[in-house]
Amino acid sequence: TKISINEFETCAWLVDSLTGDFYGVDPLGRVLPATRTAATMDLPVLTGIATRGMYRLAADPRLSIVLPRIVKVRAGNPSIFPLLSEIDFSNTDYLTLSLSGMPYRVRVSADLFEEHFNNFVRFTNGFDANLTTSILLDMRYPSMIVSTDTLSPDTTQTEEGEEE
């Protein structure tokens with residue numbers, strides 16, 4: 001008799017949108033028991049997704065696109081990745097990221113998650129943009145970042161930091 005052992009690696013946490021139950025999820029989107037270790041403490045929580053049961057793939061097909069990119073973003077941005085606290089899948093057109101300590105959220109496309117996240121990191125590290133009144137940065141547009149402020153309904157800021 002041959003015995004095989006499968007080891008699953010948690011790459012994010014998931015809160016089931018129907019039950020509120022807390023799980024781990026592997027890079028394929030497979031739902032795992034929530035077992036916290038030192039290596040998994042800085043992982044983001046995925047919200048707005050329903051599960052289909054333990055060890056089955058979660059219901060949102062965007063997970064298979066986003067989860068491998070989360071693994072790459074974590075490896076490429078070890079200093080800022082722990083700030084990524086939540087990825088909200090509630091809207092079918094985009095994902096909304098929450099970062100610990102930031103007063104604004106960041107909107108990205110699922111299929112360009114890694115590119116948009118890296119553009120966000122470059123923007124915040126490379127430009128001295130005044131984001132004190134921003135509540136949302138939309139990274140989905142080529143060569144431009146749309147900033148929604150608490151003072152104005154829609155202010156557009158280019159990568160060069162110029163307001164339009």
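Residues numbered from 1 in each chain as written. Predicted model: local features only at pLDDT ≥ 70, side-chain atom pairs only at ≥ 80, totals over all residues. Heavy atoms only, no water.

### Topic: the pattern of salt bridges
Consideration 1: Summed over all chains, the structure comprises 6 salt bridges.
Consideration 2: Here aspartate 26 makes a salt bridge to arginine 30, at a shortest N to O gap of 2.6 Å.
Consideration 3: Since its relative accessible area comes to 4%, aspartate 26 is described here as buried.
Consideration 4: In this structure, glutamate 86 and arginine 105 form a salt bridge, with 3.3 Å as the shortest nitrogen-oxygen distance. On the criterion of sequence distance, the pair formed by glutamate 86 in strand E5 (residues 84-88) and arginine 105 in strand E7 (residues 105-108) is long-range, its members being 19 residues apart.
Consideration 5: By sharing partners, the salt bridges in this structure join Arg107, Asp138 and Arg140 into a single network. (Salt bridge = Lys/Arg side-chain N within 4 Å of Asp/Glu carboxyl O. Buried < 20%, exposed > 50% of the residue type's maximum accessible area, 1.4 Å probe, protein only. Helix = DSSP H or I, 4+ residues; strand = E, 2+ residues; numbered from the N terminus.)

### Concerning the packing of aromatic side chains
Consideration 1: For the structure shown, the criterion picks out 6 aromatic pairs.
Consideration 2: Geometrically, the ring pair formed by phenylalanine 113 and phenylalanine 117 is stacked, given 6.2 Å between the ring centres and 15 degrees between the ring planes. Taken together, the residues span about one helical turn, with phenylalanine 113 and phenylalanine 117 both in helix H2 (residues 113-126) at a distance of 4 residues. Of the two residues, phenylalanine 113 and phenylalanine 117, both sit in the buried class.
Consideration 3: Between the aromatic rings of phenylalanine 123 and phenylalanine 127, the centroid separation amounts to 5.8 Å while the plane-to-plane angle is 40 degrees, which identifies the pairing as tilted.
Consideration 4: Judged by its relative accessible area of 3%, phenylalanine 123 is buried.
Consideration 5: By relative accessible area, which is 34% here, phenylalanine 127 ends up partly exposed.
Consideration 6: The structure contains a cluster of three or more aromatic residues connected by ring pairs, namely Tyr104, Phe113, Phe117 and Phe120.
Consideration 7: The positively charged end of arginine 107 is found above the aromatic ring belonging to tyrosine 94, 4.0 Å away from the centroid. (Phe/Tyr/Trp six-rings, centres within 6.5 Å; stacked < 30°, edge-to-face > 60°. Lys NZ or Arg CZ within 6 Å of the ring centre and 35° of its normal.)

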